Amino acid sequence: CLMSASMGVFDVINIQANQSDNAARVNVAPVHKLKIFIGYVISSVLFSFLSVALVLLYTSKVLGVDYGDRIGYILLLCFVSCVTGELLGTMVSALVKKSEGIKNAIVLSVIMGGCFLAGMMILEMKYLVQEKLPVVAYLNPSNLITDGLYALYYYEGLERYFLNLGILTVLSL
């Protein structure tokens, strides 16, 4: 879901006239840049979410992965995560005044670093970060996503899931 940040980088490059030829043409169009930018963001989020939904459908129907009866909650978390990824990419792209390659490298580094700290490469890392630096765990979108999915799988109640979803939404804003 967070890989939608690369589309966020692309969206900002396509709206800043000094970044691409397409953006130069967009800037002379008689349409407000904010409207075009919002259209870019909405289409990118929808594309990312559709991609994730297709992966869930494939793993569920073809590979036989059982997601239980909480698939709606999983889809909601995936949608908010796609929004977070998109807006992370737009933020980095707007703040970094370098080439598209450097912007994408920064975004990818942030996402992969977050995935490492969330325990997606070494499971013990998640617990170490949670124990030693809990604030990092709550500021890391990758950790919030994985923790939200763990909460759906391991807990009966939805309090922890909604806490992760709420923090992810606040980070998006």
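In what follows, the structure referred to is the one given above.
Below, the structure is looked at part by part. Source: prediction; values computed, not measured. In every chain, residue numbers begin from 1 and rise along the written sequence. For a predicted model such as this one, the threshold for reporting local features is a pLDDT of at least 70, and the threshold for listing and counting side-chain atom pairs is 80 or more; totals across whole chains, interfaces and linings nevertheless cover every residue. With hydrogens and water excluded, all non-hydrogen atoms of the structure serve as input to the side-chain values.

## A short note on helix 6 (residues 123–132)
Rules: Relative accessible area decides the class of each residue, using a 1.4 Å probe on protein chains only: under 20% of the type maximum gives buried, over 50% gives exposed, and in between gives partly exposed. Numbering of helices and strands starts at the N terminus; helices are DSSP runs of H or I of at least 4 residues and strands are runs of E of at least 2. Here the arc refers to the set of directions running from the helix axis out to each C-beta atom. Residues are treated as being in contact if the distance between any of their heavy atoms lies within 4.5 Å.
Of the residues making up helix 6, those classed as buried are Met125, Lys126 and Val129. Along the axis of helix 6, the buried residues cluster in a sector spanning 105°; they form a single face. Across from the buried face of helix 6, at angles greater than 90 degrees, the exposed residues are Glu124, Tyr127, Glu131 and Lys132. The inward-facing, buried residues of helix 6 abut helix 5 (100–117), helix 7 (134–139) and helix 8 (141–154).

## So, the pattern of salt bridges
We count it as follows: The working definition used for a salt bridge is a side-chain nitrogen of Lys or Arg within 4 Å of a carboxyl oxygen of Asp or Glu.
In this structure the tally under the stated criterion is three salt bridges. In this structure, Glu131 and Lys132 form a salt bridge, with 3.6 Å as the shortest nitrogen-oxygen distance. Under the relative-accessibility criterion, Lys132 is labelled exposed at 56%. Several salt bridges share partner residues, and in doing so they unite Lys126, Asp147 and Arg160 into one network.

## Description of the side chain of Thr146
Put simply, the rule is: Within 3.5 Å is the distance limit for a polar contact, defined as a pair of N or O atoms, with the added protein rule that one can donate a hydrogen and the other accept it, and that residues adjacent in sequence qualify only through two side-chain atoms.
Residue position: Thr146 is located in helix 8. Polar side-chain contacts of Thr146 include one of 3.1 Å to the backbone oxygen of Asn143.

## Things to note about the layout of surface pockets
To be explicit about the condition: As defined here, a cavity is a set of points on a 1 Å grid over the protein atoms alone where a 1.4 Å probe fits but cannot get out. A pocket is an open set with protein on both sides within 12 Å along at least five of seven lines, and residues line them when an atom is within 4 Å of a point. Grid points are joined across faces, edges and corners, and a volume is the space filled by probe spheres set on the points. Throughout, the ten residues Ala, Val, Leu, Ile, Met, Phe, Trp, Tyr, Cys and Pro are labelled nonpolar, Asp, Glu, Lys and Arg are labelled charged, and all others, Gly among them, are labelled polar.
Empty space within the largest pocket amounts to approximately 700 Å³. For the largest pocket, the lining is made up of 27 residues, of which Ile74, Ile145, Thr146, Leu149 and Tyr150 are closest to its centre. Listing elements by their share of the lining of the largest pocket, those giving two or more residues are helix 3 (33–61), helix 4 (71–95), helix 5 and helix 8. It is helix 8 that contributes the most residues to the lining of the largest pocket, eight residues altogether. Of the residues contributing to the lining of the largest pocket, the split by class is 20 nonpolar, three polar and four charged. Of all elements in the fold, only helix 6, helix 7, helix 8 and helix 9 (159–172) reach the threshold of two or more residues within the lining of the second largest pocket.

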